[in-house]
Amino acid sequence: MADLKVAFIGLGAMGQGMATVLLRAGFSVHGFDVSEVAMGCFQQAGGTTSCCPAEAARDAKMVIVMVFDSNQVDSVLFGPEGAVSALSHGAVIILCATLSPAYLKRVESQLSGDEKGILLVDAPVSGGVTGAANGTLTIMASGSNEALVKATPVLSAMSRKLFTIDGGVGAGSKVKMVNQVLAGVQIAAAAEAMVLGACAGINTQVLYDIISNAAGNSCVFVSRGSQMISGDMTPHAALNIFVKDLGIVLGEAKGIPFPLPLTAIAHQQFLLGSASGYGHQADAAVVKIWEKCAGISVVASSEGGAYASLEEPAKQLLAVARRVDRIGFLGLGAMGFGMATTLIRKKFAVCGFDVFTPVLLRFGDAGGKIAKTPREAAEGSEVLIVMVANEKQAADALFGDSGAVSGLSRGSVVILCSTVSPGFVQHLDKCLQDEDRGLHLVDAPVSGGVSKAADGTLTIMAAGLEEALRHTIMVLSAMSEKLYIIEGGVGAGSSVKMVNQLLAGVHIAVAAEAMAFGASLGLDTKNLYDVISHAAGSSWMFVNRVPHMLEADYTPHSAMNIFVKDLGIVLSEAKMLNVPLYLAAASHQQFLLGAAAGWGREDDSAVVKIFERLAQVTVAAPKASITAGEAGNPSCASKYTATEYPVLSKRDKLKSLEPEWPGDLVNNFCKTDGGDLVKSLVVLDDDPTGTQTVHGVTVLTEWGIATIKEEFEKGSTCFFILTNTRALSGEKASLLIKDICSNVKAAAALVCRMYTIVLRGDSTLRGHFPQEPDAATSVIGKTDAWIICPSFPQGGRYTINDIHYVEDEDMLLPAGQTEFARDATFGYKSSNLKEWVEEKTGGQMKLENVVSVSIETIRKGGPQAVCNQLCGLSKGSVCIVNAASDRDIEVFASGMIQAEIAGKRFLCRTAATFVAACIGLKPKAIVTPKDMWLKQHMPRISGGLIVVGSYVPKTTKQVEVLKDQCGHFIHFLEVEVRAVATGLVNTRKEVISQIAHIANAYIAAGKDTLIVTSRELMTGNDSDENLGINSNVSSALVEIVKQIQTRPRYLLAKGGITSSDLATKALGVRKAEVVGQALVGVPLWKLGPGCRHEGLPYIVFPGNVGRLDSLANIVQAWALPSSRSTKELLLAAANGAYALGAFNVYNLEGIAAVVAAAEAEASPAILQVHPGALKHGQQLLVSCCVTAAKHAMVPITVHFDHGSNEQDILKALDMGFDSIMVDGSHLPFYENILFTKRITAIAHGKQMTVEAELGRLAGTEDGLTVEEYEEKLTDVTQAGEFLKETKVDALAVCIGNVHGKYPPSGPRLRLDLLKKLHDVAITHNAVLVLHGASGLPKGLLKDCIKHGVCKFNVNTEIRSAFMGALQTPQKELLDVINNAKDSMKAVVAEKLHMFGSAGKASW
C-alpha cells in the first residue's frame, strides 16, 4: 500500500487514531491539522506532516477529512490552500465527520462541476477514540459505486464493520444521524441514571458493574459510565460534538417534518452542559449538570474497601456464614417452586406455602414439607423466603390473616426476592423492626427466569444488614450463580433494579424514535438495524426490541404496560429524592401514550407505532424479517411467522356461503331413543361467561366427587364446573384440570354414567391451549380427536375456510390481527386455526396434520357427512370446526353425536354455542327483572350493585356510555388500581374499607351503585406476574363486596375473573342455576342455597361482549322504575285495557298491605287518602305513603281523594301527593266548573294529575253520606262542557255506582251511559274513573274497563277486612297488626287481579 498516498486532514482525537491505523496498514499517509501538538504526535507515529491541506493532498489518490463541522470542511477543501485545488484527476474525497445530508449533496454538486472528476464518499464513523486507534470502527459509507470501490481498501483498514449504504451521497450520514440520536440520548440517560443511583445511596462503581452486564446496558454506558464514575473528563469525544450533531439531526427532522422528543431533551442537556463551561470536556461531562442539581457526585467512592470482583463480598460472607437448618418459603409459583426445590436438593429442610393446593402437593412430592398457612410455614424457620408476585401479596403473606410474621422466631430473617419498589422494601423492614423481636429483612431481587430458578443459577442482588446477610448467605448462594452484595442497606438491591429499568425504558423509547426517524429519512430499516447494532448507538434493548419492530410482531414478551408501571415507580422514587429525570419522564409519557392508544398489553416495542402513526411511516422491514434470536438473543423471540389475511365485509362473506343445511337433526346428545339418560355433558368453564347460551343448567363452583356424583344422579343432561383457569398460570391450570377430571371420572364410575368433557374457552382464542386438553387427556385417556370449535355467532365470532374471524361493526377481522391476539398472557399471531394449533403447541402439532370440517361439508352433506368424516379420523387427531351460524354448529353437533353413538370419543375445546347445540337447547327470551321477582319477594329499598373489573377496551367504552346514559341515577365509585394492586397493605385496606362503606350506604338507600376499577392498566414482567396483578385487583373487589352487608337488588359482575371471584369468594356460591340471558351473550344466574344471598339475580357480563350501549341497557332494564305520574299510569292502563286500583289507606298497616300486594302481583297501584283520614293522620300519614311509594318495587302513586274544601285542597297540594281529586259534585254545575278549573290550574302548575267528579254518588264514605234522593247520574252533554272548560285529566262519573255497600239486589250500572261518557272523555284527552268499586262482580268490572274505566276506587272492603281481623283474638300486639295487614293484603291482591293490572308493572 506504500504506493497509495492518502491525505488525512484533521488529526484530532479520532483522526489521530484513524491515520495511525492506516500507517500500520502500510499506507503512505500525509497528515495536516491546525494543531502543532497533533501534528507532532502524528509525526512520531511515522506519518508525514504537511503545512496545509493542499500540500497533503498533492498527488494523493485519497483524501480523508475528519474535522468538526461543515465550516471546517469548506475551509480545508475549498478555502485558500484547500485540498481540492491540489488533487489529481479521479481522486476520492472521504468525509468522515457527521454532516447534514443536504450539505453533502451541495459538496457533491460542487465537485461534479470540476473537470477533475473528483469523487465523493460520505463515510461517517462510530466507535470512539478506542475504536479509531484499534482500527475497529463501524463505518457507514455511501456514494457512487466507482467511489466506493476505490475507497474500500482504506475504509476497510480503519474498520471492523464497513457498511455500504444505498442511496448515494448523504445516505451514510442519515444512518449516522440515527446513530447519534441513540448515542446522545443514551449518554444523557446514563447521566440521569447514575445520579439517581447515587442519590439512592448506591455505590456507583457497583451500579456501573452490574448495569454493564444487565438489560440497561449500552455501548455508551460502558464507555461514558466509566468516565462518570472516575471523574476523568478527558475529551475523547467532546460534549460540543453532540451539541453540533444533535443540532444537525433536529434541523433535518424539522424539514421532514418528524418529532424527536427524546433527542430534543438530550440536545438541551448538552447545550446546558456547553453553556456551563463543559463543552470542550468529554461528552460524559453532561453528568455534571445533574451532579450540580442534585448536590451529589457520581464519582465512585473508595471508602469501604475495594473488591477484586462483585462476587468478592459474597465470598467473604460465606467464610463466616451461619448454618441454616430450616427454611420457610412463601410463594411456590413458577419461580418460587424452582428456588424452593433447589434448596431441597441442596439438603435444606424447606417448609412451603402457596394458595394453590395442587402446587403444594407437587412440592410435597419433591420432598418439601407442606404448610397450610404462611404462619405455619414460618414457625420454627430461621430464614423465611418470600417469592410472590407483588407488594400486596408480600404484605398479606407476612402481615395478613395467619401471616408469617406472627409465626417467626426471635432473630429470624426474611428474604424478599420479589420485584418491588425500594420504598416498599424499606417500609417492610420498618414493620419487621416494629415487631421488636430482632427480625431482619434482606432485600434480594432475583433475575434469570424459571429455568435458572430450577437450576440454582439465578443472579441475586442482595442488600441488608451484615448480620442478616451472614445469616442468609448460604441460602442465597445455594440459589444463585452470581450473588452480588449491594451496600446501602435494605432497598439498595431494588434500587439497582430501578436504575436498570430507567435505562432500559429510555433505550426502548429512543430505539422507537430513532428507527421511525430512519424510516422517515428513507433508509432501509433492516440495514439500519444491522449497522446500528455494531455502532455506538447500540444497546441491549436496541438489539433485543428492534427486531420486533422490523417484524411488526408485538406479541407481548414484555408488555408496554410494564414500563408504564416501572417508569412510574422510577419517577415516584426520584420525586422523593428530588432528582429530575427528563428523559425518563418523557419516555414514560410515550409508554402512557401507547397504553392510551390501546397497545398497553402489546410488547413494549409497540411504542414505535406512536411515531409510525404520527409520521405515516412503517418501520417494519418489507421483506423477510429477522428475529431477536438472530440478533443475538434467541430466548426473547417467537420465531413463528403467521400468514396474514384480509379484512372482509361480513355481509358479503356470509352471503357468499352455501345455504344452510335444511334437514332434521339428532339434537339430543344425552338420551336414547327411549328417553333414558345415558350420557352427561360436563363443561369445564375457564370463566363464568361460558354459560351465555344455556338456561336451566346447573353451575358448580366446587368439584368434590360427592357433588359431581349428585349431579349425575339427578339425571342432569349437562352441568358446568367453573374452573376459572384463565386466571391461573399454565402450570396451575393443568393441575386443576387433572384434579377435576379425576373427580369426574371417579363420580361417573360410581353411578355408571357416560360423559363427554367440553373445555369451554374464549371465542377469541385466549386461554390455556394445549395445556388444558393435554391435562384432561392424561386423566380420561386418549380420545379419537380434539374438537376445536371457537365459533360464537351470537358474539360475532366465525370460522370460515379455517380462518377465525372477529366481527367489528360490519367487517370481519382475522383474529390474529385483533386486540385479543395481543393479550399480555394469551397472545398469539395466527388467524388460521391450523396455524394457531401449530403455533400454540410450539410446532409439536404441525398444521398439515390438523384436519377440519368445512362449511361446505356441513351445509351440503349435513350431519351424516360430518359423522363420516369424524369416524374416519386417526386416533389422537385435532379437528377444526368451520361454522358461520348457530345452525352450522347444530349440524356439526348432530354429526358428532352420531359418531359418538358409533363408538367414537371426543374431547372438545369450544366456545359457548357448541354446548347448547349438543344438548338441543333452544334459545329463550331475554330474562327480565319481572321474570325473577315475580317468584320471590325482594328487598324493596336496596339498590343494584354493578362491579366492573374487566380491562378490555370494549369494557372501558361501555363504562363511559353507562356513565353518560345512567349517570342521573347511578352512583359511581372508582377503585384506584395502583393502590390495591401494588400499594402498601394499609393503603389497600383503607381503600377497600372506604369503597365498601360508601357502597353499602348507597345500596341500603336504594341507590344503584357502580364499583369500577380505574382504567389504568398495570402489567407485570411476564404472564405470571400479569395474572398476579389481575388477581390482586380482583381480590380487592372481592373484599369490597364481602364488606357490603346490605343485600343488593341484583349484582352485575363485568369480566370473567371478576364474575368468578365475586361469586365464589365474595358470595360463597357453591351452586347456581343459569336462568337464561339478561342480554344476548350475557348469562343470568340465580344463586343457589348456602351462599350469602340465596336467590340473588347474578348477571355475568363478559368483558368482550356486546355493543357499546349494552351495559347501559342492562342497567336501565334492571333499574328501579322511575317515578311516574298518576296520569302516566292511567294512560298506560287505558292503552293496556286494564284498570288501576286506588285503595284508601288510614294507617301504616294499610299502606304496607297495598304495597306488598302490588309487589307480589307485579301491579301498579294508587295509595289514596280521604279527607277524613288526612284529618286524622296529617302530614305523617302522607309522608308514610310517599316513602312507601318511593321505595316500592312497582309503580305506586299517592292520591288525595274527594277534596271538596278549597282550603284543604290547597294545603294538600304541598304535602307530597302525586295527584288530587277536586270534588265539586255537591255544587251547581257552573260553580263546579269554576271551582274545579281554579284548582286544576294551580295543580297542573305543580305537575300534578287532577281528577274531578260530575254527578253525585249515593252512599256513605268516612262519615260523609249522600242520600239516595240526592244521587245524580252524569250528564253526557255536561260532561263534554265540563272537560273542555276544566282541562282535568280524569273524570269520576256516576252511572249507578254507590259509595259503600250495594243493596242485596246488586248493582245496577248504566253501561250504555258509560260508553257515551267514554267517547266524550276521549275527545278531551281524559280518562274515566269509577268510585264505589267495592262489591262489584268481576264480570261487571270487565265491562266497565271495556267501556273506558281506568281506575276503580276501593275502600269499604279493605276497611271491613281490617275490622274483621281485629275481632280475631291474638296474644301479641304484633300478631294483631300482622293479621290485619295480611287480611287487607288479600283483598288488595284479589282486586288487582279483578282489575286486570296484575303483571302490568313496568318490570
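Criteria and cut-off values
Residues numbered from 1 in each chain as written. Predicted model: local features only at pLDDT ≥ 70, side-chain atom pairs only at ≥ 80, totals over all residues. Heavy atoms only, no water. Helix = DSSP H or I, 4+ residues; strand = E, 2+ residues; numbered from the N terminus. Buried < 20%, exposed > 50% of the residue type's maximum accessible area, 1.4 Å probe, protein only. Contact = heavy atoms within 4.5 Å. Lys, Arg positive; Asp, Glu negative; His and termini not counted. Charge placed at Lys NZ, Arg CZ, Asp CG, Glu CD. Core = buried A, V, L, I, M, F, W, Y, C linked by side-chain atoms within 4.5 Å. Pairing = 2+ DSSP bridges. Right-handed = clockwise from strand over helix to strand, strands pointing away. Axes fitted to C-alpha atoms, helices over the stretch in contact; angles between N-to-C directions. Parallel < 35°, antiparallel > 145°, perpendicular 65-115°, else oblique. Left-handed = near helix turned anticlockwise from the far one by under 90°. Nonpolar A, V, L, I, M, F, W, Y, C, P; charged D, E, K, R; others polar. Expected span 1.5 Å × (residues − 1). Phe/Tyr/Trp six-rings, centres within 6.5 Å; stacked < 30°, edge-to-face > 60°. Patch = residues over 30% accessible without salt bridge, like charges linked within 9 Å, V, L, I, M, F, W, Y side chains within 5 Å. Areas by Shrake-Rupley, 256 points an atom, 1.4 Å probe, with all protein chains shown as cover. Salt bridge = Lys/Arg side-chain N within 4 Å of Asp/Glu carboxyl O. Polar contact = N/O pair within 3.5 Å; in protein donor to acceptor, adjacent residues only side chain to side chain.

Asks: Just to check I follow, could you spell out the overall build of the protein chain for this structure?
Replies: Along the protein chain, the regular secondary structure elements total 52 helices and 47 strands. By its C-alpha atoms, the protein chain is 145 × 75 × 75 Å across when sized along the principal axes. Looking at the protein chain residue by residue over its 1403 residues, the buried ones come to 59%. Long-range contacts, defined as pairs at least 24 residues apart, comprise 74% of the intrachain contacts of the protein chain with a sequence gap of at least 6. Here the protein chain contributes 124 positive and 138 negative side-chain charges, whose respective centroids are spaced 4 Å apart.

Asks: I'm lost on helix H26 (residues 582–599) in this one. Help?
Replies: Along an α-helix, residues three or four apart share an orientation, since each turn contains 3.6 residues. Those residues of H26 that fall on the buried side of the exposure criterion are Leu583, Ala584, Ala586, Ser587, His588, Gln590, Phe591, Gly594 and Trp599. In this fold, the buried residues of H26 make contact with helix H8 (171–199), helix H12 (261–278), helix H22 (492–520), helix H25 (560–577) and helix H27 (608–615).

Asks: What's the story with the nonpolar core in this structure? I'm lost.
Replies: Judged by nonpolar contacts, the single largest core of 112 residues is most densely connected at Ile486 and Phe517. Setting aside residues up to four positions removed in sequence, Ile486 forms contacts with Ile202, Val206, Ile210, Met461, Ala462, Ala463, Ala492, Gly493 and Val496. Within the second largest apolar cluster, 80 residues are counted, among which are Met387, Ile780, Ile788 and Val837.

Asks: Just checking my understanding: could you explain unusual backbone geometry for this structure?
Replies: Backbone phi values are negative for most residues with the exception of glycine, while trans is the configuration of most peptide bonds. The omega torsion across Ile256 and Pro257 is 0 degrees, close enough to zero to call that bond cis. Mapped onto the elements of the fold, Pro257 is located in the loop between helix H11 (239–255) and H12. The linkage connecting Phe769 with the following residue, Pro770, adopts the cis geometry, with an omega of 5 degrees. Relative to the helices and strands, Pro770 resides in the loop between strand E23 (754–760) and helix H31 (771–780). The residue Ala552 is not glycine, and still its phi comes out positive at about 55 degrees.

Asks: Even after reading the chapter, I still don't get the pairing of strand E21 (residues 697–700), so can you show me in this structure?
Replies: Two faces make up the sheet, and in a regular strand the side chains alternate between them. Along E21, one buried face is formed by Val697 and Val699 and the opposite face, lined by Thr698 and Leu700, is buried too. Relative to strand E35 (residues 1071–1079), E21 runs antiparallel, the two sharing 4 bridges. By the bridge assignment, Thr698 is partnered in E35 with Glu1073. With 3 bridges joining them, E21 and strand E22 (residues 718–722) adopt parallel strand pairing. In the strand pairing of E22, Thr698 is matched with Phe719. In this fold, E21 hands off to helix H29 (residues 705–714), which returns the chain to E22; that crossover is right-handed.

Asks: Please explain the sheet that holds strand E45 (residues 1290–1293) as it appears in this structure.
Replies: Through backbone hydrogen bonds, the strands of a sheet pair up, either in parallel or in antiparallel fashion. An order of E38-E39-E40-E41-E42-E45-E46-E47 is seen for the 8 strands of this closed barrel, with the pairing classed as parallel. Recorded for the sheet is a direction-independent mean angle of 25 degrees between the axes of neighbouring strands. Contacts from helix H44 (residues 1148–1160) reach strand E38 (1140–1144), strand E39 (1165–1169) and strand E40 (1196–1203) within the one sheet, and its direction differs from that of E39 by about 170 degrees.

Asks: Hey, could you run me through the packing of H8 against H11 in this one?
Replies: Angle between the axes and distance between the axes: these two values describe a pair of packed helices. One way to put it is that H8 packs onto H11 with a least axis distance of 10 Å and a crossing angle of 125 degrees. Here H8 is positioned oblique relative to H11, judged by the angle of their axes. Handedness of the H8/H11 crossing: left-handed. Along the contact surface, H8 presents Met177, Gln180, Val181, Ala183, Gly184 and Ile187, while H11 presents Phe242, Asp245, Leu246, Ile248, Val249 and Glu252. In the contact of H8 with H11, the residues fall into 8 nonpolar, 2 polar and 2 charged.

Asks: Whenever I open this one, the sheet that holds strand E14 (residues 413–416) confuses me. Can you help?
Replies: In space, the 6 strands of this open sheet follow the order E12-E11-E10-E13-E14-E15, with parallel pairing throughout. Of all strands in the sheet, those with a lone pairing partner are strand E12 (369–370) and strand E15 (440–443), marking the two edges. Relative to strand E13 (residues 383–386), strand E10 (residues 326–330) runs parallel, the two being bridged by 4 bridges. Residue pairing for E13: Ile327 is matched across the bridge by Val383. Each of E10, strand E11 (349–353) and E13 is contacted by helix H15 (residues 334–345), which is oriented at about 170 degrees to E10, the strand it contacts most. Packing of helix H16 (residues 357–365) onto the sheet brings it into contact with E11 and E12, and relative to E11 it is tilted by some 170 degrees.

Asks: Help me understand helix H49 (residues 1311–1323), please; the structure alone is not making it clear to me.
Replies: Under the 1.5 Å per step criterion, the end-to-end length of H49 is 19 Å for 13 residues, consistent within 8% with the ideal 18 Å. Where H49 is buried, its residues meet helix H48 (1276–1286), E45, strand E46 (1327–1330), helix H50 (1338–1346) and strand E47 (1349–1354). Phi turns positive, to about 55 degrees, at Asn1325, one or two residues after H49.

Asks: Any chance you could explain the packing of aromatic side chains here in plain terms?
Replies: Using the criterion set out here, one finds 17 aromatic pairs in the structure. Note on Tyr208 and Phe221: the rings are 5.5 Å apart at their centroids and 25 degrees apart in plane angle, and the pair reads as stacked. With Tyr208 in helix H9 (residues 204–211) and Phe221 in helix H10 (residues 219–230), this pair connects stretches of sequence that are 13 residues apart. By relative accessible area, which is 11% here, Tyr208 ends up buried. Taking relative accessible area as the criterion, Phe221 reaches 1% and is therefore assigned buried. Here the aromatic rings of Phe258 and Phe611 are separated by 5.8 Å at their centres, their planes lie at 20 degrees, and the arrangement is stacked. Taken together, the positions of Phe258 in the loop between H11 and H12 and Phe611 in helix H27 put the pair 353 residues apart, joining distant regions of the chain.

Asks: Which parts of the structure should I look at to understand a negative patch on the surface?
Replies: Side chains of Asp808, Glu809, Asp810 and Glu819 sit close together on the surface and give a patch of like negative charge. Turning to its location among the elements, Glu809 is positioned in the loop between strand E26 (803–808) and strand E27 (811–814).

Asks: Is there a simple way to think about the environment of Val510 in this case?
Replies: Topologically, Val510 is positioned in helix H22. Classification of Val510 by relative accessible area gives buried; the value is 0%. In the structure, Val510 is positioned 80 residues away from Gln590 in sequence and 10.0 Å away in space, judged by C-alpha atoms. Those residues in contact with Val510 that sit more than four places away from it in its chain are Val181, Leu182, Val185, Gln186 and Leu262.

Asks: Got a minute to help me understand the pattern of salt bridges in this structure?
Replies: Should the charged atoms of two oppositely charged side chains come close, the side chains can pair. Under the defined criterion, the tally for this structure stands at 47 salt bridges. Asp283 is the partner of Arg224 in a salt bridge, and the nearest nitrogen-oxygen pair spans 2.8 Å. Residue Arg224 is found in helix H10, and its partner Asp283 is found in the loop between H12 and helix H13 (287–294); the two are separated by 59 residues along the sequence. Judged by relative accessible area, Asp283 falls into the buried class, the value being 0%. The shortest N-O distance in the salt bridge between Asp1008 and Arg1049 comes to 2.8 Å. Placement of Asp1008 in strand E33 (residues 1008–1013) and of Arg1049 in the loop between helix H40 (1023–1043) and strand E34 (1051–1054) is noted, with a sequence separation of 41 residues between them. A single burial state applies to Asp1008 and to Arg1049, both of which are buried. A single salt-bridge network, built from bridges that share partners, covers Asp685, Asp686, Arg726, Arg760, Asp762 and Arg766.

Asks: What is the right way to look at the environment of Arg1092 in this model?
Replies: One can find Arg1092 in the loop between strand E36 (1082–1087) and strand E37 (1097–1101). Through-space distance from the C-alpha of Arg1092 to that of Gln1045 is 9.7 Å; in sequence the pair is 47 residues apart. What Arg1092 contacts, discounting residues up to four positions off in sequence, is Val1041, Lys1042, Ile1044, Gln1045, Ala1066 and Leu1067. In terms of polar contacts, Arg1092 uses its side chain to reach the backbone carbonyl oxygen of Val1041, at 3.1 Å.

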